[in-house]
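Below, each chain spelled out in residue letters.
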Amino acid sequence: MKLSEMKQWLNAHQVRLTKSLGQNFLHDQNQLERIAAAAEIQTTDKILEVGPGLGPLTALLARDAGEVLALELDARLMEFLREKFAAAPTVRLEHGDGLQYVREHRHWAGWKLVANLPYSVASPLLVELAEAAEPPDRMVTTLQLEVAQRIDAAPDTEHYGVLGLLLGLRYESRGWFRIPRTCFFPEPDIDSACLTLLRRPEPLLPPASQGAFKKVVKRGFSQRRKMMFKLLKGDWPEPRLAAAFAQLGLSPQIRAEKVSLAQFVELTRALTVAAA
């Protein structure tokens, strides 16, 4: 769908896009093709798309995939989507909140998420999918550039933090590419990026320890400039923490931003074994 066609339909139906819903529609065909290519879609794939808008990416997904489930919150756009994809048997449209949907549906084995995610729900939606009983095999998502940088960040860098660590437990980043703000309508204030995440063959921790991992990470970053040891004393006895830090060779003065994903995993193991 060209930008002129997008504007024409919106004007004809007197639809005003809503910033609170993250309605900045990607219209650049080259960027849409790059997103679809990053998904490496096979004819047997099942694709989850959240926030299809007017469906330009949906059309590319339906071209190659065996099934596309598109979740759209805006009832005004559902009318257009139902008409546009009426003759597309592989496309299933659902009207509703995408974040709520993935909270209620926890089995996504054999699926891929491919979506230009609304900015307002992107981070919590990715975490919900990563923490599902059966997460998607791959997630290819358009996000605010800064959010993509946070997910892909290395320790002791500006963007390193909770989001990247929570996703890193189940997923490996395969990098991202920038999408200029001029490729969207209405044009947002910042650039975006398309990020690719591949599910690990096995999570770095068993399901029983993942809640403890989340607690360690969130507590460790709750006050970024404070020593992690002191912050963690709010949840674990000091002797247990001291033994775990010593076991990993971590200084009691270290801050969370300098602790790697692997070290957070091992720290969680040490704390949960000690508590057993």
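Described below are features of the structure shown in this document. Note that the coordinates shown come from a computational prediction; the quantities given were computed from them, not determined experimentally. (Residues numbered from 1 in each chain as written. Predicted model: local features only at pLDDT ≥ 70, side-chain atom pairs only at ≥ 80, totals over all residues. Heavy atoms only, no water.)

Moving on: the overall build of the protein chain. In terms of helices and strands, the protein chain carries 12 helices and nine strands. For a compact globule of 276 residues, the expected C-alpha radius of gyration is about 19 Å, and the protein chain comes in at 21 Å, within 12% of that figure. Principal-axis analysis of the C-alpha atoms gives the protein chain an extent of 65 × 35 × 30 Å. The buried share among the 276 residues of the protein chain stands at 49%. (Helix = DSSP H or I, 4+ residues; strand = E, 2+ residues; numbered from the N terminus. Rg over C-alpha atoms; globule rule 2.2 N^0.38 Å. Buried < 20%, exposed > 50% of the residue type's maximum accessible area, 1.4 Å probe, protein only.)

Okay, the packing of helix 2 (residues 29–38) against helix 3 (residues 56–64) next. At a minimum axis separation of 10 Å, helix 2 and helix 3 run at an interaxial angle of 45°. Put simply, helix 2 runs oblique to helix 3. Between helix 2 and helix 3 lies a crossing of right-handed hand. Of the residues in helix 3, those touching helix 2 at Gln29, Leu32, Glu33, Ile35 and Ala36 are Pro56, Leu57, Leu60 and Arg63. (Axes fitted to C-alpha atoms, helices over the stretch in contact; angles between N-to-C directions. Parallel < 35°, antiparallel > 145°, perpendicular 65-115°, else oblique. Left-handed = near helix turned anticlockwise from the far one by under 90°. Contact = heavy atoms within 4.5 Å.)

With 14 residues, helix 9 (residues 207–220) extends 20 Å from end C-alpha to end C-alpha; this agrees with the ideal 20 Å at 1.5 Å per step. Every buried residue of helix 9 is listed here: Ser209, Gln210, Ala212, Phe213, Val216, Val217 and Gly220. (Expected span 1.5 Å × (residues − 1).)

Attention now moves to the side chain of His27. With respect to the helices, strands and loops of the structure, His27 is situated in the loop between strand 1 (25–26) and helix 2. Residue His27 is classed as buried on the basis of its relative accessible area of 15%. When neighbours within four sequence positions are excluded, His27 is seen to be in contact with Met1, Leu3, Met6, Leu32, Thr182, Cys183, Phe184 and Phe185.

Another aspect to go through is the state of the cysteines. The tally for this structure, following the rule as stated, stands at zero disulfides. In this structure Cys183 is a free cysteine whose sulfur lies 12 Å from that of Cys194, the closest cysteine sulfur available. (Disulfide = S-S within 2.5 Å.)

The seven strands are arranged 4-3-2-5-6-9-7 in an open sheet whose pairing can be described as mixed. Among the strands making up the open sheet, the edge pair consists of strand 4 (91–95) and strand 7 (171–179). Averaged over all adjacent pairs, the angle separating strand axes in this sheet is 20°, with direction ignored. Summarising the sheet, strand 5 (residues 111–116) and strand 6 (residues 138–144) pair through five bridges and their orientation is parallel. Note on strand 6: the bridge partner recorded for Asn116 is Thr142. Along the sheet, helix 2 contacts strand 5, strand 6, strand 7 and strand 9 (192–199); its crossing angle with strand 7, the most-contacted strand, is approximately 170°. Relative to the sheet, helix 4 (residues 75–84) contacts strand 3 (67–72) and strand 4, its axis offset from that of strand 4 by approximately 160°. (Pairing = 2+ DSSP bridges.)

Time to look at the pairing of strand 2 (residues 46–50). Of all five residues that make up strand 2, four are buried, and the element is covered over most of its length. Summarising the sheet, strand 2 and strand 3 pair through five bridges and their orientation is parallel. Along strand 3, the bridge assignment pairs Leu48 with Leu69. Of the crossover connections in this fold, the one passing from strand 2 over helix 3 to the parallel strand 3 is right-handed. (Right-handed = clockwise from strand over helix to strand, strands pointing away.)

Turning next to the packing of aromatic side chains. Using the criterion set out here, one finds six aromatic pairs in the structure. Relative to Phe245, the ring of Phe229 has its centre 5.2 Å away and its plane inclined at 85°; by these criteria the two rings are edge-to-face. Linking Phe229 in helix 10 (residues 228–232) with Phe245 in helix 11 (residues 238–248), this pair joins segments that are 16 residues apart in sequence. Phe245 shares its class with Phe229; the two are buried. (Phe/Tyr/Trp six-rings, centres within 6.5 Å; stacked < 30°, edge-to-face > 60°.)

Moving on, we get to the nonpolar core. In terms of nonpolar packing, the biggest core is built from 59 residues, with Leu48, Phe213 and Phe264 touching the most fellow members. Those residues in contact with Leu48, other than ones at most four positions away along the chain, are Leu69, Leu71, Val102, Trp108, Trp111, Lys112, Leu113, Val114 and Leu129. Core analysis: the second largest hydrophobic core is formed by 34 residues, Trp9, Leu32, Leu81 and Ala88 among them. (Core = buried A, V, L, I, M, F, W, Y, C linked by side-chain atoms within 4.5 Å.)

A separate point is the pattern of salt bridges. Summed over all chains, the structure comprises 21 salt bridges. Residues Asp156 and Lys258 are paired through a salt bridge, measuring 3.1 Å at the closest nitrogen-oxygen approach. Of this pair, Asp156 sits in the loop between helix 7 (145–152) and helix 8 (162–168) while Lys258 sits in the loop between helix 11 and helix 12 (261–275), and the two are 102 residues apart along the sequence. Judged by relative accessible area, Asp156 falls into the partly exposed class, the value being 46%. (Salt bridge = Lys/Arg side-chain N within 4 Å of Asp/Glu carboxyl O.)

Tracing the backbone through its elements, the reader meets Lys214 in helix 9. Judged by its relative accessible area of 25%, Lys214 falls in the partly exposed class. It is 30 Å that separates the C-alpha atoms of Lys214 and Ile190, two residues lying 24 residues apart in sequence.

It is worth stressing that arrangement in space is one thing and function is another; only the former is reported here.
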